[in-house]
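So the chains spell out like this:
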Amino acid sequence: GQSLEQPSEVTAVEGAIVQINCTYQTSGFYGLSWYQQHDGGAPTFLSYNALDGLEETGRFSSFLSRSDSYGYLLLQELQMKDSASYFCAVRDWVDSSYKLIFGSGTRLLVRP
Amino acid sequence: EAGVVQSPRYKIIEKKQPVAFWCNPISGHNTLYWYLQNLGQGPELLIRYENEEAVDDSQLPKDRFSAERLKGVDSTLKIQPAELGDSAVYLCASSLGGTSGELFFGEGSRLTVL
């Protein structure tokens, strides 16, 4: 089966840097995605890593280590609007089909 | 460009009643997904379509849930009869397929079963 682990909650101060970790166990790993979801809103895509290393997109960066089955999302220069839930999701090859399997999410609270 | 559109946004029904949700994906997206999201949890896949074909419905409770995607565009998800445990947000998403892992989600239909 598949499993993903990420912290349930993280709190940080406006302007700071925060890292949200994700460890996974899958049978046919293809890549790791990150999504942001504000309360009552739609999940929105942030990043996708298929290869090891760091991908940077503005204030957000995402890292993947396939050998460690580990990735993280790094948010810099935190803003109040970054308060949301963040989900890691693995793209897995299961039963001759791709599946995108989500973790339970990390609720980020940014304080003034 | 319009995003994924879902309706209704909110639905309250009594248990054992039927309910249906509608989704219009982004134009040109051949892959459509229905996810279920419980409070404080991540989305869980119910069914995935490639054009008109349901290519993955292994997580769909087929005794009470059904879905269709006629003409490979809009899709409808139905629950009949609804149970208390079906209270959740039902999310529709679409993608171009491919390998990016990028899905575009609608804002969801929040179902409350009383």
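Before reading on, note that the structure itself is shown above.
Nothing here was measured: the structure is a model prediction, and the numbers come from that model.

About the cut-offs
- Residues numbered from 1 in each chain as written.
- Chains lettered and ligands numbered in written order.
- Predicted model: local features only at pLDDT ≥ 70, side-chain atom pairs only at ≥ 80, totals over all residues.
- Heavy atoms only, no water.
- Pairing = 2+ DSSP bridges.
- Helix = DSSP H or I, 4+ residues; strand = E, 2+ residues; numbered from the N terminus.
- Axes fitted to C-alpha atoms, helices over the stretch in contact; angles between N-to-C directions.
- Contact = heavy atoms within 4.5 Å.
- Buried area = accessible area lost by both parts, 1.4 Å probe.
- Salt bridge = Lys/Arg side-chain N within 4 Å of Asp/Glu carboxyl O.
- Polar contact = N/O pair within 3.5 Å; in protein donor to acceptor, adjacent residues only side chain to side chain.

> Could you give me a rundown of the sheet that holds strand β1 (residues 5–7) of chain B, with the residues and numbers involved?
Residues and elements named next belong to chain B. With antiparallel pairing, the four strands of this open sheet are ordered in space as β1-β3-β8-β7. In the strand order of this sheet, the two ends are held by β1 and β7 (65–68), each with one partner. Within this sheet the neighbouring strands show an average axis-to-axis angle of 15 degrees, counted without direction. For strand β3 (residues 19–24) and strand β8 (residues 75–79), the ladder comprises five bridges, and the chain directions are antiparallel. Of the residues in β8, the one forming a bridge with Trp22 is Thr76.

> A description of the interface of chain A and chain B should follow, citing residues and the corresponding values.
Chain A puts 17 residues into the contact, and the matching count from chain B is 20 residues. Counting each side, the surface lost to burial between chain A and chain B is near 1500 Å², with a carbon and sulfur contribution of 47%. Applying the counting rule to chain A against chain B returns one salt bridge. Note that A:Lys99 is salt-bridged to B:Asp56, the shortest N-O span being 2.2 Å. Our enumeration of links across chain A and chain B arrives at six residue pairs in polar contact (both at pLDDT 80 or more). For the side of chain A that touches chain B, the secondary-structure elements that each account for two or more residues are β4 (29–37), β5 (44–49), β9 (84–94) and β10 (97–102) of chain A.

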